[in-house]
Amino acid sequence: MILELRATSFWTYALSRVTFGLTRAAMPVANGVLCDIFSSADERSQAISKNGAAVGIGFLIGAATGGTLVGYGYHVPTLVCMIAQIANIAVIILLWRETGSPSSATSKQDQPSFFQTLSTVATNTGTSSVFGVHVALILATAGVQHAYLEYTRVQLDMSPGLRSGFLLSIGILSAAVQSNLNKSVSVFGGRHRAMVIGCFINALINLVAPLSSAAVFITVSLLSTFVGFLPIITLSILSKLSPQNVQGSIMGLNESLLNIGTVVGPLFCSFTASIDHKIPFFTAALLLFILMYKVQNMTEFNQAEEKDAKVKKSE
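These lines cover the structure that appears in this document, whether it is placed above or below. Bear in mind the structure is a predicted one, so any value in this text is a computation, not a measurement.

### Examining the packing of aromatic side chains
- For the structure shown, the criterion picks out five aromatic pairs.
- Taking the centre distance of 5.1 Å and the plane angle of 70° together, the rings of Tyr148 and Phe281 count as edge-to-face. One end of the pair, Tyr148, is in helix 7 (residues 128-155); the other, Phe281, is in helix 14 (residues 279-296), with 133 residues separating them in the sequence. Of the two residues, Tyr148 and Phe281, both sit in the buried class.
- Judged by centre distance (5.7 Å) and plane angle (80°), the rings of Tyr151 and Phe281 are edge-to-face. One end of the pair, Tyr151, is in helix 7; the other, Phe281, is in helix 14, with 130 residues separating them in the sequence.
- Overall, the relative accessible area of 6% leaves Tyr151 in the buried class.
- Classification of Phe281 by relative accessible area gives buried; the value is 1%.
- By the ring-pair criterion, three or more aromatic residues cluster together here, those being Tyr148, Tyr151, Phe217 and Phe281.

Set out below in structure tokens:
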């Protein structure tokens, strides 16, 4: 961040963002800690969903806060972020306690590498379909998120203050839904039905959003947060259906996929929106309709539910 504060050219700034991106490797560690703390699959998926909600609301509030602070100077948001990071380091040094134990930890020789994990979940008959759906959801979400932000700026000509309030509202609603994943899913009658209905609702929202007035656009955008838990469901299913020694690596793989999405999504959105601003929305809608059909015929969700039931019985 010091490099970012001192940046005087595009390439210096780009280098500062690369070094910042390298620190995102801490996210899989946080999810790995949750896997150590919570033994049952239900508790683990709920903890991961709350962590995802915290990250999501942090990202959205951060964007809203940055948009406000940049009015005082382009370096002010970076300076505030650097102070927050220093405070975060202090908390880790003072309060961090190792969660793994030598007796329960997997030996380094048994820990799968990134590519071994990727190969396992992509080729294993029990996880390959869920993994494909998970990747497709990440790509659909990454592309359309950037499209929503660009639409508010270019097509609706929202002021920075309105955009900040819009992002803040989405962040609060997303956190509320994702932090209570089990309750949110139970409304739809289980994870399988929640995935099918969620894909359908999100697809409809993406069809309607770019054809709407500002008021309708904001309304449907806020409604989309109530079915924004789809990637968390697929991640929890992957975790449940995979061997325990791979679960921590799956969190790292998921983080890598999210990072790829944040690169590919905006690039795709910028390119297609230059042709027609509706294309990113319609592309995401088409992908979600395909996923809805795919998920409807999948059995992996029922297998995960059965595994949960066996764990509860054994307890």
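On we go from here.
### Comments concerning a nonpolar patch on the surface
- A cluster of nonpolar side chains, namely Phe200, Leu204, Leu207, Val208, Leu211, Val216 and Phe282, defines an oily patch on the protein surface of about 540 Å² accessible area.
- Take the nonpolar patch: its biggest share by element is four residues, from helix 10 (residues 191-208).
- Examined against the element boundaries, Val216 turns out to sit in helix 11 (residues 214-224).

### Comments concerning the nonpolar core
- Core analysis: the largest hydrophobic core is formed by 31 residues, its most contacted members being Met195, Phe229 and Ile233.
- Of all the elements in the fold, those that place two or more residues in this core are helix 7, helix 9 (181-188), helix 10, helix 12 (230-241), helix 13 (244-273) and helix 14.

### So, the pattern of salt bridges
- A full pass over the atoms with the stated rule returns one salt bridge.
- Lys278 is the salt-bridge partner of Asp276, the closest N and O atoms lying 3.9 Å from each other.
- A relative accessible area of 30% means that Asp276 is categorised as partly exposed.

### Some details on helix 10
- In this model, helix 10 (18 residues) spans 25 Å end to end at C-alpha, consistent with the 26 Å of a helix rising 1.5 Å per residue.
- What helix 10 keeps buried is the set Arg191, His192, Ala194, Met195, Val196, Gly198, Cys199, Asn202, Ala203, Ile205 and Asn206.

### Quick notes on the side chain of Thr127
- Take Thr127: it is sitting in the loop between helix 6 (114-123) and helix 7.
- Overall, the relative accessible area of 2% leaves Thr127 in the buried class.
- In contact with Thr127, not counting residues within four places along its chain, are Thr120, Val121, Leu238, Leu241 and Ser242.

### With respect to helix 11
- Of the residues making up helix 11, those classed as buried are Phe217, Val220, Ser221 and Ser224. Viewed end-on, helix 11 has its buried residues packed into an arc of 105°, placing them on one side of the element.

### Quick word on the environment of Phe226
- Along the chain, Phe226 falls in the loop between helix 11 and helix 12.
- Under the relative-accessibility criterion, Phe226 is labelled partly exposed at 41%.
- Along the sequence, Phe226 and Ser174 sit 52 residues apart, while their C-alpha atoms lie 7.0 Å from each other.
- Contacts of Phe226, omitting those with residues within four sequence positions, involve Leu173 and Val177.

Here is what the cut-offs are and how they apply
- Residues numbered from 1 in each chain as written.
- Predicted model: local features only at pLDDT ≥ 70, side-chain atom pairs only at ≥ 80, totals over all residues.
- Heavy atoms only, no water.
- Phe/Tyr/Trp six-rings, centres within 6.5 Å; stacked < 30°, edge-to-face > 60°.
- Helix = DSSP H or I, 4+ residues; strand = E, 2+ residues; numbered from the N terminus.
- Buried < 20%, exposed > 50% of the residue type's maximum accessible area, 1.4 Å probe, protein only.
- Patch = residues over 30% accessible without salt bridge, like charges linked within 9 Å, V, L, I, M, F, W, Y side chains within 5 Å.
- Areas by Shrake-Rupley, 256 points an atom, 1.4 Å probe, with all protein chains shown as cover.
- Salt bridge = Lys/Arg side-chain N within 4 Å of Asp/Glu carboxyl O.
- Core = buried A, V, L, I, M, F, W, Y, C linked by side-chain atoms within 4.5 Å.
- Expected span 1.5 Å × (residues − 1).
- Contact = heavy atoms within 4.5 Å.
- Arc of directions from axis to C-beta.

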